[in-house]
Amino acid sequence: MLAAVYHGPGDLRLEDVPVLTAGPGEILIRVKAASICGTDLRILHGDHRKYPPATVRIPGHEVVGDIADLGEGVEGFVPGQMVFIAPNMGCGHCRQCISGNNNRCANYDAIGITVEG
Ligand SMILES: [Zn+2]
Ligand SMILES: [Zn+2]
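Residues numbered from 1 in each chain as written. Chains lettered and ligands numbered in written order. Predicted model: local features only at pLDDT ≥ 70, side-chain atom pairs only at ≥ 80, totals over all residues. Heavy atoms only, no water.

**Q** Run through the pattern of salt bridges, naming residues and quoting values.
**A** Counting across every chain of the model gives three salt bridges. Between D11 and R13 there is a salt bridge; the shortest N-O distance is 2.8 Å. Looking at D11, the relative accessible area reads 23%, which means it is partly exposed. Relative accessible area serves as the criterion here: at 39%, R13 is assigned to the partly exposed category. Across the pair D66 and K32 runs a salt bridge, and its minimum N-O distance is 4.0 Å. (Salt bridge = Lys/Arg side-chain N within 4 Å of Asp/Glu carboxyl O. Buried < 20%, exposed > 50% of the residue type's maximum accessible area, 1.4 Å probe, protein only.)

Right under this line is the structure:
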């Protein structure tokens, strides 16, 4: 599949990358549309702390698409179902996460930020 891959500040390359598979508890989304937000611009300009020097990663977290693959143990979704993502994944245990502010978790992960977008 084609993906825009970040290689450094101002260096975004369109590359052919392997299609991922959904691991346990994961859903693989076939992206139908994606947009760019201020966070993506900070990443592209090299100003995002989760993209330190030498980071090579697929950014992008403002997406909508349909479910291409369901990982083991996923319930409540069906292949082909249209979905969007809430990209922030907090630890689920700290004060910020418990109060619903997982984007402020000190140990967060986020699609397109700390994992492939
Ligand atoms: Zn965003
Ligand atoms: Zn947390």
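Still more to cover.
**Q** Could you give an account of the coordination of the zinc ion (ligand 2), with specific residues and numbers?
**A** The zinc ion (ligand 2) binds to the protein through C91 (SG), C94 (SG), C97 (SG) and C105 (SG), with metal-donor distances spanning 2.3 to 2.4 Å. For the zinc ion (ligand 2), the four donor atoms in the first shell make angles of 105 to 117° at the metal, so the coordination geometry reads as tetrahedral. Read in sequence order, the donor residues for the zinc ion (ligand 2) give the motif C-x2-C-x2-C-x7-C. When its relative accessible area of 13% is taken as the criterion, C97 is described as buried. (Donors = N, O, S within 2.8 Å, 3.2 Å for Na, K, Ca; no water. Tetrahedral: all angles 85-135°; square planar, octahedral: opposite > 155°, others 65-115°.)

**Q** Just give me the short version of the coordination of the zinc ion (ligand 1), but keep the residues and values in it.
**A** Distances from the zinc ion (ligand 1) to its protein donors, namely C37 (SG), H61 (NE2) and E62 (OE), fall within the range 1.8 to 2.2 Å. Binding-site remark: the zinc ion (ligand 1) is held by donors from one chain whose sequence spacing is C-x23-H-E.

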